[in-house]
Structures are given as structure tokens and as C-alpha cells.
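Here's the letter readout for the chains.
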Amino acid sequence: MPRPSLLLLALALACACRAKTATVSEVHSVTGRAFERASERHRMVDGQLAARDIDDAEVLRAMRAVPRHRFMPEAVAARAYEDRAQAIGHEVTISQPYIVALMTQTADIEAGERVLEVGTGSGYQAAVLAELGAQVYTIERIEALADRAAATLRELGYSSIEVRHGDGYAGWPERAPFDAIIVTAAPPELPRALTDQLAIGGKLVAPVGRHVGWQQLVVIERSEHGLEREKLLDVAFVPMLPGLDSSRGPGSK
Ligand code: SAH
């Protein structure tokens with residue numbers, strides 16, 4: 001007969017293993033699917049987000065659910081869960097996971113809210129917002145990126161996201177007001193059209209600054225008395241450019 005202490009140890013190990021397997025398979029996306037490479041996402045969330053100051057349980061759940069690698073070109077998809085931004089073509093980057101989580105947490109999004117994103121890029125940030133139950137409106141100035149993001153989101157089953165090829169400087173007045181606005185390209189200063197489209201009680205999170213590769217991430221909150229602004233940290237985003245880019249297809253860069 002095994003000694004009782006050994007028996008207990010064996011039992012404890014068996015339970016721990018089962019618990020671990022269960023966590024990995026249990027994170028289903030709002031699309032009803034559990035996407036591949038889950039264990040890499042758990043490592044990313046535990047090591048890069050929860051270990052820093054991301055403590056909103058819903059944001060952490062969303063980051064565990066969205067398959068970041070599916071939003072990246074094949075050449076870089078292997079490195080999808082590293083702690084860094086990655087180039088996705090057209091001189092554009094998909095933001096570092098920590099920055100996506102921080103902006104999402106700061107925007108304070110509840111299920112059912114209307115959220116505007118400026119700078120669709122790959123569509124990844126939009127998917128994270130949709131995971132929180134938001135109705136998402138996202139604008140991208142490069143037509144090829146808008147088309148690709150819309151296709152990726154459709155393929156993954158995200159149905160609460162509208163992608164539009166347009167100039168984010170104008171916002172999306174037909175869909176305003178928004179409970180939250182997340183700007184993922186850096187304007188030299190905050191466009192008035194965007195703060196005008198923020199609902200009372202809503203928050204806008206944006207990198208702002210004139211320097212390429214160095215801006216300040218700010219959060220603006222609209223109350224009945226006006227706008228309050230707070231600086232979060234220094235960041236490096238691609239610039240928010242004026243006008244539209246209609247290049248598409250394999251020849252475009
Ligand atoms: N949120 C994206 C990353 C965005 S990178 C993601 O999750 O992958 C910034 C994006 O903003 C780029 O795709 C860039 O083309 C876009 N952009 C720059 N200026 C813009 C503008 N005026 N209106 C809309 N999109 C703009």
C-alpha cells in the first residue's frame with residue numbers, strides 16, 4: 001500500500017494537471033470558438049499583462065480569447081505572442097499586446113456599448129473590443145488594410161464590428177455618440193471631431209504628439225462640465241495621416 005503522504009501528493013498532482021488543461025480549453029471567444037495557440041496566449045496574458053498593471057478580468061479574458069496570430073502576415077505570425085509591436089505591411093504595425101490591453105482597460109468598456117476605433121490596421125484591437133460585448137465601428141485610411149481586416153474578422157466570426165475605409169479625422173458622425181473612442185494612430189493634436197463624438201461619461205484614449213516614434217498616451221473623459229485630460233505614459237505609434245489611401249492588392253506597400 002502507498003504511504004498516505006505519497007497518495008496525497010499523487011492526488012494533488014493529478015488535480016493540478018486537470019485544472020491546468022481545463023483553463024487552456026475553457027476560453028471561448030464570443031464567436032463561440034476556442035482558437036488555436038491558446039497556451040501561448042495564456043503565457044502572454046500572465047507574463048506580459050497580469051504581471052504588469054492589467055487587472056480587469058474581462059480585458060484579460062478577451063486577450064486570452066482573440067487569436068492575435070490570425071491578424072498577422074504569415075512571415076511574422078510565429079512571433080505573435082511576443083511582447084512587442086509587429087510590422088503588418090503598408091508601414092503599419094499591430095500594437096504591442098500590453099498597449100492594446102492598457103488602452104482597452106482605460107476605455108472602461110461595458111457590454112452593449114458603442115465604441116469607435118480610429119486605425120483598424122489588422123483588426124486585432126477591434127476584435128478585443130468585440131470580445132467585451134461592444135458594438136464596434138472602426139475606420140482605416142488604407143483601403144487594402146480595411147479590406148483585409150474585414151475579411152479576417154468575418155472569417156473568425158466577429159459579427160459586431162463594422163469596418164469602414166475612411167479618414168478618422170472626421171470620426172463617424174452617422175454612428176455617434178460613442179461610449180468610448182480608441183485612437184491607434186497618433187495625431188499631432190486631438191481632432192475636435194472626435195471629442196465632439198464622445199458621449200457624456202465616455203472616454204477617449206489616444207496617442208498624441210508631433211514626433212514620429214514618441215507621443216503621449218492620453219485619456220480624455222467627457223462630463224456634463226466639459227473634457228478632462230490625463231496623461232498615461234510615453235508611447236510610439238504610427239502617425240495619424242490626413243486623407244485616404246486607396247492602394248490595394250499585391251503591388252501596394
Ligand atoms: N489598431 C491596429 C493597429 C493600428 S496601426 C491593430 O489592432 O492592428 C495605425 C493604423 O491607423 C494604420 O493602419 C494606419 O493606416 C491608420 N491610420 C493612420 N491615419 C489614419 C486616419 N487618418 N484615419 C484612419 N486610419 C488611419
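The numbers attached to residues start from 1 for each chain and follow its sequence in the written order. Given that this is a predicted model, residues contribute local features only at a pLDDT of at least 70 and side-chain atom pairs are listed and counted only at 80 or more, while totals for whole chains, interfaces and linings are drawn from all residues. No hydrogens and no water enter the side-chain calculation; it runs on all heavy atoms of the structure.

1. Quick notes on the overall build of the protein chain
Our working definition: In this text, helices come from DSSP runs of H or I with a minimum length of four residues, and strands from runs of E with a minimum of two, each type numbered from the N-terminal end. Contact criterion: two residues are considered in contact whenever any of their non-hydrogen atoms come within 4.5 Å of each other.
Helix and strand content of the protein chain: eight helices and nine strands. A separation of at least 24 residues holds for 56% of the contacts in the protein chain among residues at least 6 apart in sequence.

2. Notes on the UniProt feature "active site" (unreviewed entry) in the protein chain
As a reminder, the rule being used: UniProt positions are given in the numbering used here, feature names are shortened, and annotations may be inferred rather than shown by experiment.
Per the UniProt record, "active site" (unreviewed entry) is found at Ser95. Of note, serine 95 is situated in the loop between strand S2 (93-94) and helix H5 (97-107). In contact with serine 95, other than residues within four places in its own chain, are Arg68, Ala85, Val100 and Phe237.

3. Here's the deal with the sheet that holds strand S8 (residues 214-223)
Filter applied, for reference: Strand pairing requires that DSSP identify at least two bridges connecting the strands. Lines fitted to C-alpha atoms define the axes here, with helix axes fitted over just the stretch in contact, and angles between the N-to-C directions of these axes take values from 0 to 180 degrees.
Pairing is mixed in the open sheet, where seven strands are placed in the order S5-S4-S3-S6-S7-S8-S9. Strands with a single pairing partner mark the edges of an open sheet, and in this sheet they are strand S5 (161-165) and strand S9 (226-235). Taking each pair of neighbouring strands and ignoring which way they run, the sheet shows an average axis angle of 15 degrees. Set on the sheet, H5 makes contact with strand S6 (178-183), strand S7 (198-211), S8 and S9; between it and S7 the angle comes to about 145 degrees.

4. Some thoughts on the layout of surface pockets
For clarity, the cut-off: The distinction between a cavity and a pocket rests on a 1 Å grid over the protein atoms alone: a 1.4 Å probe fits inside a cavity but cannot get out, while a pocket stays open yet meets protein on both sides within 12 Å along at least five of seven lines, and a residue with an atom within 4 Å of a point counts as lining. Grid points are joined across faces, edges and corners, and a volume is the space filled by probe spheres set on the points. Each residue is assigned to one of three groups, with Ala, Val, Leu, Ile, Met, Phe, Trp, Tyr, Cys and Pro labelled nonpolar, Asp, Glu, Lys and Arg labelled charged, and all others, Gly among them, labelled polar.
Taken as a whole, the largest pocket holds about 670 Å³ of empty space. Val92, Thr93, Thr184, Ala185 and Val238 are, among the 39 residues lining the largest pocket, the residues nearest its centre. Taken together, the elements giving at least two residues each to the lining of the largest pocket come down to S2, H5, strand S3 (114-118), helix H6 (124-131) and strand S4 (135-140). For the lining of the largest pocket, the leading source of residues is H5, giving three residues. A per-class count over the lining of the largest pocket returns 19 nonpolar, 13 polar and seven charged.

5. Digging into the nonpolar core
Applicable threshold: Buried residues of nine kinds, namely Ala, Val, Leu, Ile, Met, Phe, Trp, Tyr and Cys, make up a nonpolar core once their side-chain atoms join them within 4.5 Å. Burial classes: relative accessible area under 20% of the type maximum marks a residue as buried, over 50% as exposed, and values in between as partly exposed (1.4 Å probe, protein chains only).
One finds Leu49, Ile54, Met63, Phe71, Ile109, Tyr124 and Tyr158 to be the most contacted residues of the largest nonpolar core, which totals 51 residues. Of all the elements in the fold, those that place two or more residues in this core are helix H2 (38-50), helix H3 (57-65), H5, H6, helix H7 (143-156), S6 and S8. Aside from chain neighbours lying at most four places away, what touches leucine 49 is Met44, Ile54, Leu60, Met63, Pro97, Tyr98 and Ala101. In this structure, Trp172, Phe178, Leu204 and Val208 belong to the second largest nonpolar core, which totals 18 residues.

6. Quick look at the site of the ligand
Put simply, the rule reads: What makes a residue near a molecule or strand is one non-hydrogen atom of that residue sitting within 4 Å of it. Any pair of N or O atoms that falls within 3.5 Å is considered a polar contact. Within protein, one atom must be able to donate a hydrogen and the other to accept it, and sequence-neighbouring residues count only if both atoms are side-chain atoms. Areas reported here follow the Shrake-Rupley algorithm with a probe of radius 1.4 Å; residue values treat only the protein chains shown as occluding. Those molecules having more than half of their atoms within 2 Å of a cavity or pocket grid point set are described as sitting in that cavity or pocket.
Around the ligand, the surrounding shell holds 25 residues, and the nearest of these are Glu117, Ser122, Glu140, Gly168 and Leu241. Measuring from a nitrogen atom of the ligand, one finds a side-chain N or O atom of threonine 184 at 3.1 Å. Leucine 241 places a polar main-chain atom, nitrogen or oxygen, 2.6 Å from a nitrogen atom of the ligand. The protein chains hide 98% of the 580 Å² of surface that the ligand would expose on its own. According to the grid-proximity analysis, the pocket containing the ligand is the largest pocket.

7. Things to note about the side chain of glutamine 105
One can find glutamine 105 in helix H5. Its relative accessible area of 17% is what places glutamine 105 among the buried residues. From its side chain, glutamine 105 meets the backbone nitrogen of aspartate 56 in a polar contact 3.0 Å long. What glutamine 105 contacts, discounting residues up to four positions off in sequence, is Asp53, Ile54, Asp55, Asp56 and Val59.

8. A few points about the pattern of salt bridges
Using the following cut-off: By definition, a salt bridge exists where a carboxyl oxygen of Asp or Glu is found within 4 Å of a side-chain nitrogen of Lys or Arg.
Counted according to the given criterion, the structure contains 12 salt bridges. A salt bridge links glutamate 36 to arginine 70; the nearest nitrogen and oxygen atoms lie 2.8 Å apart. Here glutamate 36 is found in the loop between helix H1 (4-26) and H2, whereas its partner arginine 70 is found in the loop between H3 and helix H4 (74-77), with 34 residues between them in sequence. The class for glutamate 36 is partly exposed, based on a relative accessible area of 37%. Arginine 192 is the partner of aspartate 196 in a salt bridge, and the nearest nitrogen-oxygen pair spans 3.0 Å. With aspartate 196 and arginine 192 both in helix H8 (residues 192-196), this residue pair falls four residues apart, about one helical turn. The exposure class of aspartate 196 is partly exposed, given its relative accessible area of 44%.

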